[in-house]
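# An overview of the molecular structure
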Amino acid sequence: MNTVWIVDDDRSIRWVLEKALGREEISHRSFTSANEALQELENTSHPPKVLLSDIRMPGETGLTLLQRVKAMHPQLPVIIMTAYSDLESAVSAFQGGAFEYLPKPFDVDQAVALVRRAIDQSTHQEGASEDTSLAPEILGQAPSMQEVFRAIGRLSQSHATVLINGESGTGKELVARALHRHSPRREAPFIAINTAAIPRDLLESELFGHERGAFTGAAAQRRGRFEQAENGTLFLDEIGDMPSELQTRLLRVLSDGNFYRVGGHQPIKANVRVIAATHQDLEERVRLGLFREDLFHRLNVIRLRLPPLRERREDVPILVRHFLQRSAQELGVESKRVSEGAIKYLQALPFPGNVRQLENLCHWLTVMAPGQIVEVADLPPEMRDQPTRETPVNWVDGLGLETDRLIAATPGEVFDRLTREFERTLIRRALTATGGRRIEAAQLLGIGRNTITRKIQELGMDEDRNHAVDHSADSED
């Protein structure tokens, strides 16, 4: 079975690719036109694993070939080549489902590497089926998330006020919705409001409503969020930023269950469960006089802490799979997958934006990553260049993560850089252990005195005399 089909009317291009693929022992077959390739594709029971096609040829174009191939074999990776690089052609190629867009002249090694990636994707897809069933409302296998799930379960028959603490992007509103959905109030409204996103002079009316004529522009009576959430749940996000005067009004609602519309004189009964959330340390804000202590205690009946993503790294694979599937469904494309190496790399990143940042990354990959299998090199540049900040489980995993990062950031220099750093670290630690005595350091490492002396010179460690003092003069390799 032919692995790679080359479709190009330019004999020299076919020859170059044939020689390059031959050297890599990748089986291949060439065609001079799209019509010829299509005819063979319709008659063969063994389609190629990868197809490379020029975009402009006599007869049918490469884009037409791409369209016909995708209709017959949707999973077949097609690489479009062209000497006429323009925006319209690139957009048309990717809209048609091209695996990659390769402008001529191209680097042969780059082209072969691209073909290998396409082959890997094609092989991975054969017989593979991705579970696209609907995911649970909140995903998490980490022990810290299991605690959150247990808390939601325990609160399922409760009307208690809940305070959710967590960094930005950890999914506080998602948990609030889950608390409502699994509560006795599930049939009533869930109303969410971000108290930090509304100007303070409008927030009072937003929460409690207003009477007609209460202020300039109040042409009609308006029901506030408390009334809208009657018998249901009101979610107050970023409660730590609520102005002090409104903290007083909120405290009154929580304490006696009544409130007044702005400009109103009749108390309104509030049958509402309040769930509040903040990324701030409310105890500290109370200490600084920025948040009422009595309100804090009213809100802090049940407290849930959502862990940041760096504390639940084992959840990264399932979250990535879920977000990629969801992005693919929204865009109407096939869901992409992330390689094991890229998953490990992502698990070691700090993700200051937490789950929201990971979700945005998956949407970016769905749009921008060239192939169906996402590698470290496909990540955004700012993530490829970012050193991993988490101590790995063991040094081999750490070496693997750093190798992935350098492959993406400085290809061609990886072996030399890591080898030199590895040797430098070994020698430096051994010299530290022996107080700078080279012979003893060499013995600890299992190498000879001449070897350690030569390595110190090669690695430019001679200038560090504090660690490279030789107090002995004998012993050879």
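This text follows the structure it describes.
Parameters at a glance
Residues numbered from 1 in each chain as written. Predicted model: local features only at pLDDT ≥ 70, side-chain atom pairs only at ≥ 80, totals over all residues. Heavy atoms only, no water. Pairing = 2+ DSSP bridges. Helix = DSSP H or I, 4+ residues; strand = E, 2+ residues; numbered from the N terminus. Axes fitted to C-alpha atoms, helices over the stretch in contact; angles between N-to-C directions. Phe/Tyr/Trp six-rings, centres within 6.5 Å; stacked < 30°, edge-to-face > 60°. Buried < 20%, exposed > 50% of the residue type's maximum accessible area, 1.4 Å probe, protein only.

### Describing the sheet that holds strand β6 (residues 162-165)
- Strand order in the open sheet formed by 5 strands is β7-β8-β11-β6-β12, and the pairing between neighbours is parallel. Each edge of the open sheet is held by one strand with a lone partner, namely β7 (190-194) and β12 (302-305). The sheet shows a mean angle of 20 degrees between the axes of neighbouring strands, direction not considered.
- In terms of strand pairing, strand β8 (residues 233-237) meets strand β11 (residues 273-278) through 4 bridges, oriented parallel. Looking across to β11, one finds that Leu 234 is bridged to Val 274.

### Observations concerning the packing of aromatic side chains
- Tallied over the full model, the rule gives 5 aromatic pairs.
- Centre to centre, the rings of Trp 5 and Phe 31 are 4.8 Å apart; their planes meet at 55 degrees, and the pair counts as tilted. Of this pair, Trp 5 sits in strand β1 (residues 4-7) while Phe 31 is found in strand β2 (residues 28-31), placing the two residues 26 residues apart along the sequence. One exposure class covers both Trp 5 and Phe 31, and it is buried.
- On the numbers, 6.3 Å between centres and 20 degrees between planes, the contact of Phe 190 with Phe 235 is stacked.

### With respect to unusual backbone geometry
- One non-glycine residue with positive phi stands out, namely Asn 231, at about 70 degrees.
- Relative to the assigned elements, Asn 231 resides in the loop between α9 (225-228) and β8.
- Assessed through its relative accessible area of 41%, Asn 231 is described here as partly exposed.
- Within the chain, Asn 354 stands out as a residue other than glycine whose phi angle is a positive 60 degrees.
- Along the polypeptide, Asn 354 turns up in helix α15 (residues 354-368).

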